[in-house]
Amino acid sequence: MSRSAAVVRTALVVAALASAALSAPQAVAADRPEVTISAKADSLTRTLARQDPQAAAAATVCGTGYALNKAIPLPEGTDPGMRLATLFSYTNGGKGCAIMDNNVGASRYMSLKICKVDGTGCDSDTGNFSQYAGPVYVSSIACAKVTAKMGTSSSSLFINYASDYVFPCN
């Protein structure tokens, strides 16, 4: 190999390494996506999103354009620091998506279901999950009914939550 070819090759290697070093921060930032929080989100939702941004950012599994609408610590009435699961709801226009985050740290039976207010158009995700159940979708969020269950099995539940108020009713 001629000396000039070696110089060119070395320059290309240096340029490639420099390019990789400069793009690394963007790759790291992409690993930590930030979630858009709806202007209608309550203070508890905003607090939970700040405390666990990676879980709240799970909206990315819903698809593009979803904003965090509500975060509910489960079982209902539990101190947010002692929650076993967190139900996250996201909106995108009139459509909705939900995920139930497993805060136990071990695989558990989980079931998440959303239906339109009239009980039709249901979507569900059920199984044993170590991270989250969902995403599940609803095409019309107005008062969509949400059911979230978690336990050691389907017959031994420690969370059995149902609500018409996870998504806005207007």
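So, a few notes on the structure that sits alongside this text. If you're wondering where the values come from, they're calculated on a predicted model, not measured in any experiment.

## Looking at helix α2 (residues 43–51)
At step 1: Among all positions of α2, only T45, L48 and A49 are buried. Each buried residue of α2 lies within a common arc of 100° when the element is viewed along its axis, so the set occupies one face. When the buried face of α2 is taken as reference, the exposed residues oriented beyond 90 degrees from it are S43, R50 and Q51.

## Observations regarding the nonpolar core
At step 1: The biggest cluster of nonpolar side chains holds 22 residues, and the ones touching the most others in it are L74, L87, M100, L112, I114 and Y161.
At step 2: If you list the elements that add at least two residues to this core, you get β2 (67–74), β3 (85–92), β4 (95–102), β5 (108–115), β7 (132–138), β8 (145–153) and β9 (156–163).
At step 3: Counting 15 residues, the second-largest nonpolar core is a separate cluster that includes V35, A49, C62 and L68.

## A few points about the side chain of T91
At step 1: Locating T91 in the fold gives a position in strand β3.
At step 2: When sequence neighbours within four positions are dropped, the list of residues in contact with T91 reads G65, Y66, A67, N69, I141, F167 and P168.

## A short note on the sheet that holds β2
At step 1: Read from one edge of the open sheet, five strands run β1-β2-β3-β4-β7, paired in mixed fashion. At either margin of the open sheet sits one strand with a lone partner, and together these are β1 (36–37) and β7.
At step 2: Judged from the two bridges that link them, β1 and β2 form a sheet pairing that is parallel. Counted as the bridge partner of I37 is L68 from β2.
At step 3: Contacts from α2 reach β1, β2 and β3 within the one sheet, and its direction differs from that of β2 by about 90°.

Procedures and definitions
Residues numbered from 1 in each chain as written. Predicted model: local features only at pLDDT ≥ 70, side-chain atom pairs only at ≥ 80, totals over all residues. Heavy atoms only, no water. Buried < 20%, exposed > 50% of the residue type's maximum accessible area, 1.4 Å probe, protein only. Helix = DSSP H or I, 4+ residues; strand = E, 2+ residues; numbered from the N terminus. Arc of directions from axis to C-beta. Core = buried A, V, L, I, M, F, W, Y, C linked by side-chain atoms within 4.5 Å. Contact = heavy atoms within 4.5 Å. Pairing = 2+ DSSP bridges. Axes fitted to C-alpha atoms, helices over the stretch in contact; angles between N-to-C directions.

From the geometry alone we can't say anything about function, so treat these as descriptive.
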